[in-house]
Each structure stands twice: as C-alpha cells, then as structure tokens.
Amino acid sequence: MKRKRNCRIYDLSQKMAKQDGTKNACQPALQVIVLGSGGGPQEHNVTAFLVRSIRSDWTRGSIVALDAGVHLSAITQILEETQPAGLGTDVALPHILESGPFAGMEIRSTSASTNAAYITRHLIDTYLITHPHLDHISGFVINTAGLPGTRPKRIAGLPSTISAFKQHIFNNVIWPNLSDENNGAGLVTYTRLVEGGSLALGEGAGKGYLEITDDLTVKVFSVSHGHCIERHTHRGSTSSSRFGSVDPTSLASPRGLHGSFAASGTSPLFRSTGAGVPSAGQDGESVCVYDSSAYFIRDALSGREVLMFGDVEPDSVSLSPRNLGIWQEAAPRIAKGNLAAIFIECSYDDSQTDDRLFGHLTPRYIIQEMKALAAEVELVRQTPVKFEPSKKRKRELEEVNRRTNRSIARSGGDEGPVSPKSIRPRRRSDSGSVRSENGYDSPRISTPTAEMSLKDLDARITPPLSLRQIPNILKGLKVVIIHVKEKLNGGESPRDTILRELLQHEKDAELGCEFIVSQKGQSLMF
C-alpha cells in the first residue's frame, strides 16, 4: 500500500514539474517552494523559501527553509488556496493533496492553519539563514516561540550570522533567548557553517558539503551586501579593501576615538575596508562591508543542485567583491549539468542609480554577473579543473586559518570558527598609519577577504582575452529572480519591468539562460 502511495506522489511531482515548465520534468530531484519573493515594503511577502529532495517524500525533517522573513502565514495561505472544497465531508480525511506546492502530502485536518502548523513543527527542522536582516528572519523568530516541538529548530549560517542572532535577537531584549546557549529555553540550536565547506566532509563532487537532511547537503559562501551607511570609528581587526569605490570625504566624522567601543558594540557581520585609513594622530574612520551569503543546496543522490543567494551587490561596485569566487565554484557544476538554477536577487529596475543600490542588484548588473559566470563556464569547458584545491593550496589555507583563529582568539567576542578559506590581508607598508598586530585597526570580522589592488581585481573580473564569448553558453540554466521591491505607485509592476529589462539585455548578451521572476506561492522543480 505504501509503495502505491509513493508512486502516486512521484507522479504528482512530475505533473507539478511540467506545470512549472522545467525541461528536466521527467526526473525532478529538487523542489523549491516560494513562501516570499519580495524585498518589501509589504511585510507579507518578504524572502522565504522551502527546499526538499523529492525522493524524501514528505517525511519528518525532510524540508529545509532558506530564510524566513515570512513563514507560517505563507504556508497557511498556500494550503487555503489548494486544499479541496468539502474537506472532511465530501472529501474524507486523511487526504493526500493532489495540487499545489504541497501535492502528495497527507493532511489530517480541515483547517489550513492546523496543517500548516504540522508542516512547521514536524517537516521543517533546519533554517538556512543568508544574513540576519529582519526581512529574512522575522517569520522564523516569531513562529519559534509559538510552535514548540519535541526537538529544537536548527539555525544554520556563517558564524557572523549566528553571532548576530545571539547578540541582537535571542538576547532577552529584542526577543527571549530561545536558544540552547547562555541558559536559554532550548527551542533553537545553532550550527555554525564553515565557509566553502569542510574538507573533512563528503567525497568526490560532494566533498565539503554538510548533510542537513537525509537527502540534502549544503555548502555556503559569503558575499557582500553593501557597506554600512553610518560613519563610525573602526574597532577590532583588519579586513580587505577596494580603493576608489567610495567617496573618502564621506568617511570623516568626529565620533569617538580610534579603537573605542561604542554602545552599539562590535558586529562581526561587518568587514572593514581600507578606505579612509587614518594617518598618525588622526581619528580613523572607514566603511564597513555587510556580509550576506550564498548556498549551494545539493540532492545527495542525483547530484542536482540549486544556488540560492541572499541579498548581494555587484562585484563592480563592491568594496569587498566576492561574487567571482561563487561563479568559479558554480562553473564546473554548470559544465557538468548538475547546477539547475540560480536564485538571485534583483531588488530594483535599471532606473535605480548606483549610489542608491544599498547593496542590491538591478537587471544591468544581473547580466554583468551572468557574463562573468559565462566566462568561467567557458574556461572550465576548455580546461577542466578539479573541485578540490592542490596540496600546496591546502597547506596555505590551513596556515591562514591558524593565523586567523589566533588573531580572533586575542580579540575576543563571539564570532565562532573562521572558514579555512578565509584569507587574512597582507600588511600594508604605508608609513604614519595606526597599526594593530595584524595591520590597521578596523571592525572585527569572522570571514575576512584578501586585500587586492584595482589592477588585481580587474585581472580577476575580466575574462581572459583568449576566450571568445560563445553564444548561449548558459543554455539550460534557470535564473530565478527574487527580492523584488515593490514601488506601490500605481505604475507598471516592478516584476514586469525587471523581466522586460532582463530580456532586453539578454538579446545583446546571448547568454542562453532562462529568466524567471518568482512569485509568492510558486513551486519550482529541478
């Protein structure tokens, strides 16, 4: 009987995949349910997704949440729209849903709210958080206290993200300490992920991936989400820089003494740039770069993957450009046909000027980033590379990790482990500058990036001249647009504007990828 039910569920999954228009509908491996596709200002539709391996069925703990700006209310709304009429009278309970994102799932109540609570309590154990901005976490925070289960919910993210939850959310001020640390209630447990994956985990193409359900594994990388608009004195250790990306005159402020600890405390989410480095005898102020992250989520059996970004800005305007590293990780997966989709934000249309991006993307920059990805894919196809670093590179990373951890241990704070792929910047030789033991004083960071010159940066971003742009190099790849901000001005929908502009850019770029603007309540199969 159970075997017959599983076959029915698989048939329903195939049907949903065909409805979503995916080309690999014959054998879908991953499902992504869009709980929230917007970036505000309407709070009912902010970033939130559910991801599952289709072969897991709807078993306990089989669903992973990626961000949770909205959560329980969005699940309830989907069920309200897809549960059949006459449930409990004309339609007997328990009932297996035949349509909608939760097709194939058994429900036991006529109430959509009760069924949604069951999903949250029993089917979702892990929440992958890209960064701790309210539009990415508020649903989780509010729901956790109201829906206690028999085991704690797991928040997984970069150490800086976990630190932010501990210091600023579950701190008995903004919200009760529901965690299992610092004498908390124990409803939430923290998992600090290693950036770039742990070399001790997995094998082959799955090396470095962490298992988060029986059938799903993940690997996380940090990305830049713009810089802090507040001008403030630097505190902590040294970070990377990209000169020329910010107006130095905007950095001057008489606030505080260099190295002082302001009431706001130190946040490891911010990376300091080298712009505005003080000369001897002057108060030093600079710009802090805010960290977000991107997750590779992999079906363990098939190797199918999706890449899901949090908020992110383009490398070309970033003070701490890191997107290229993501594209270099993604390129071999695309070349092998394993990476099916990229979920990436596009908050504004092209009318938004660079000085008002606030760490986000527009269609012109989406295309720019996709061109960088296309160049990496072509490079991989011409010169295949292994996923794992060389022995020499491993030794270098281990040594960097040891130095970084020693530095953080001296500086104190709750930043958690630092990624073995973190790179401490080289010492600068400028004279007359205030230095700490590892360089200039600046805000502490948990995953520092290497310092580079503009020349070095351009060399990394610009594709090799020997490569010619092959049309449709990204054919088969789906680019799902998320985090679209509504204008609420009665004009054209920002989603329609963004899609139209993307398609116009694509005509010139000839990348071959398919652009999909996500919608709340949507189900996508890959």
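Data block above holds the structure.
**What about helix α10 (residues 494-509)?**
Taking 1.5 Å of rise per residue, the 16 residues of α10 would be expected to cover 22 Å, and the 22 Å separating its terminal C-alpha atoms lies within 8% of that figure. Taken together, the buried positions of α10 are occupied by P494, R495, T497, I498, E501, L502, E506 and A509. Viewed along the axis of α10, the buried residues span an arc of 165°, placing them on a single side of the element. Buried-residue contacts for α10 involve β1 (30-39), α7 (363-382), β19 (478-482) and β20 (514-517). Just downstream of α10 lies E510, where phi reads positive at about 50°.

**Examining helix α6 (residues 323-335)**
Look at α6: 18 Å from first C-alpha to last across 13 residues, which is about the 18 Å you get at 1.5 Å a residue. Bending of α6 peaks at approximately 25° at the position of E329, with proline P332 no more than four residues after it. Every buried residue of α6 is listed here: N323, L324, I326, W327, E329, A330, A331, P332, R333 and I334. Just downstream of α6 lies G337, where phi reads positive at about 80°.

**Observations concerning the environment of E345**
Looking at where E345 falls in the secondary structure, it is placed in strand β16 (residues 339-345). On a C-alpha basis, the gap between E345 and P363 in space is 9.7 Å, while along the polypeptide they are 18 residues apart. Not counting residues up to four positions away in its chain, the partners in contact with E345 are G310, D311, V312, G359, H360, L361, I366, I482 and H483. Among the polar contacts listed, one links the side chain of E345 to the backbone nitrogen of V312, at a separation of 3.2 Å. A distance of 3.0 Å separates polar atoms of two side chains, one belonging to E345 and the other to S347.

**Here we look at the layout of surface pockets**
Space inside the second largest pocket adds up to approximately 570 Å³. Considering the residues around the second largest pocket, the lining is formed by 25 residues, among which G226, H227, L357, F358 and G359 are closest to the centre. Here the lining of the second largest pocket takes 3 residues from strand β10 (residues 216-227), the largest share from any one element. The residue inventory of the lining of the second largest pocket, partitioned by class, reads 9 nonpolar, 9 polar and 7 charged.

**Description of the packing of aromatic side chains**
By the definition in use, this model includes 7 aromatic pairs. With a centroid separation of 5.8 Å and 75° between ring planes, the pair formed by F49 and F343 is classed as edge-to-face. Here F49, found in strand β2 (residues 46-53), pairs with F343, found in strand β16; they are 294 residues apart in sequence, far enough to count as distant. Summarising the burial analysis for this pair, F49 and F343 share the class buried. Between F221 and F296, the ring centres sit 5.9 Å apart and the planes meet at 80°, which makes this aromatic pair edge-to-face. With a gap of 75 residues between them, F221 in strand β10 and F296 in strand β14 (residues 288-299) connect regions that are remote in the sequence. Grouping residues by exposure puts F221 and F296 together as buried. Every member of this aromatic cluster is reached through a ring pair, and the members are F49, F343 and F526.

**Brief notes about unusual backbone geometry**
Here G40 and P41 are connected by a cis peptide whose omega angle stands at 0°. Along the polypeptide, P41 turns up in the loop between β1 and β2. Cis geometry marks the peptide bond from L93 to P94, where omega comes out at -5°. If you check the backbone angles, N183 has positive phi at about 60° while not being a glycine. Topologically, N183 is positioned in the loop between α5 (159-169) and β8 (188-192). With a phi angle near 55°, L488 is a residue other than glycine that sits in the positive phi range. Tracing the chain through its elements places L488 in the loop between β19 and α10.

**Let's talk about the pattern of salt bridges**
Applying the stated criterion across every chain, the model contains 15 salt bridges. Among the salt bridges present, the one from D215 reaches R55, with a minimum N-O distance of 2.6 Å. One end of the pair, D215, is in the loop between β9 (210-211) and β10; the other, R55, is in the loop between β2 and β3 (63-68), with 160 residues separating them in the sequence. Given the relative accessible area of 10%, D215 is considered buried. We classify R55 as partly exposed; its relative accessible area is 46%. As a salt-bridge pair, D349 and K487 come within 2.8 Å of each other at their nearest N and O atoms.

**Topic: the packing of α7 against α10**
Packed helix pairs are specified by the crossing angle of their axes together with the interaxial distance, meaning the distance between the axes. Direction vectors running N to C along α7 and α10 enclose 40°, while the axes themselves pass 9 Å from each other. Here α7 is positioned oblique relative to α10, judged by the angle of their axes. Where α7 crosses over α10, the two elements pack in a sense that is right-handed. The residues of α10 that touch α7, namely those facing P363, R364, I366, I367 and K371, are I498, E501, L502, H505, E506 and A509. Residues of the contact of α7 with α10, tallied by class, amount to 6 nonpolar, 1 polar and 4 charged.

**Overview of the side chain of T144**
Here T144 lies in helix α4 (residues 134-146). Excluding residues that lie within four positions of it along the chain, T144 makes contacts with L178, L187 and V188.

**Regarding the sheet that holds β3**
Strands sit in the order β8-β7-β6-β3-β2-β1-β21 across an open sheet of 7 strands; the sheet is mixed. One side of each edge strand has no neighbouring strand; the edge strands of this open sheet are β8 and β21 (523-525). Pairwise comparison of adjacent strand axes, ignoring direction, gives a mean angle of 25° for this sheet. Note: β1 against β21, 3 bridges, orientation antiparallel. By the bridge assignment, Q31 is partnered in β21 with M525. Running at roughly 75° to strand β6 (residues 124-128), helix α3 (residues 112-123) makes contact with β3, β6 and β7 (153-157) of the sheet.

Calculation rules
Residues numbered from 1 in each chain as written. Predicted model: local features only at pLDDT ≥ 70, side-chain atom pairs only at ≥ 80, totals over all residues. Heavy atoms only, no water. Helix = DSSP H or I, 4+ residues; strand = E, 2+ residues; numbered from the N terminus. Expected span 1.5 Å × (residues − 1). Buried < 20%, exposed > 50% of the residue type's maximum accessible area, 1.4 Å probe, protein only. Arc of directions from axis to C-beta. Contact = heavy atoms within 4.5 Å. Bend = angle between axes of the 7 residues up to and from the residue. Polar contact = N/O pair within 3.5 Å; in protein donor to acceptor, adjacent residues only side chain to side chain. 1 Å grid on protein atoms, 1.4 Å probe; cavity = no way out; pocket = protein on both sides within 12 Å on 5 of 7 lines; lining within 4 Å. Points joined across faces, edges and corners; volume = space filled by probe spheres on them. Nonpolar A, V, L, I, M, F, W, Y, C, P; charged D, E, K, R; others polar. Phe/Tyr/Trp six-rings, centres within 6.5 Å; stacked < 30°, edge-to-face > 60°. Salt bridge = Lys/Arg side-chain N within 4 Å of Asp/Glu carboxyl O. Axes fitted to C-alpha atoms, helices over the stretch in contact; angles between N-to-C directions. Parallel < 35°, antiparallel > 145°, perpendicular 65-115°, else oblique. Left-handed = near helix turned anticlockwise from the far one by under 90°. Pairing = 2+ DSSP bridges.

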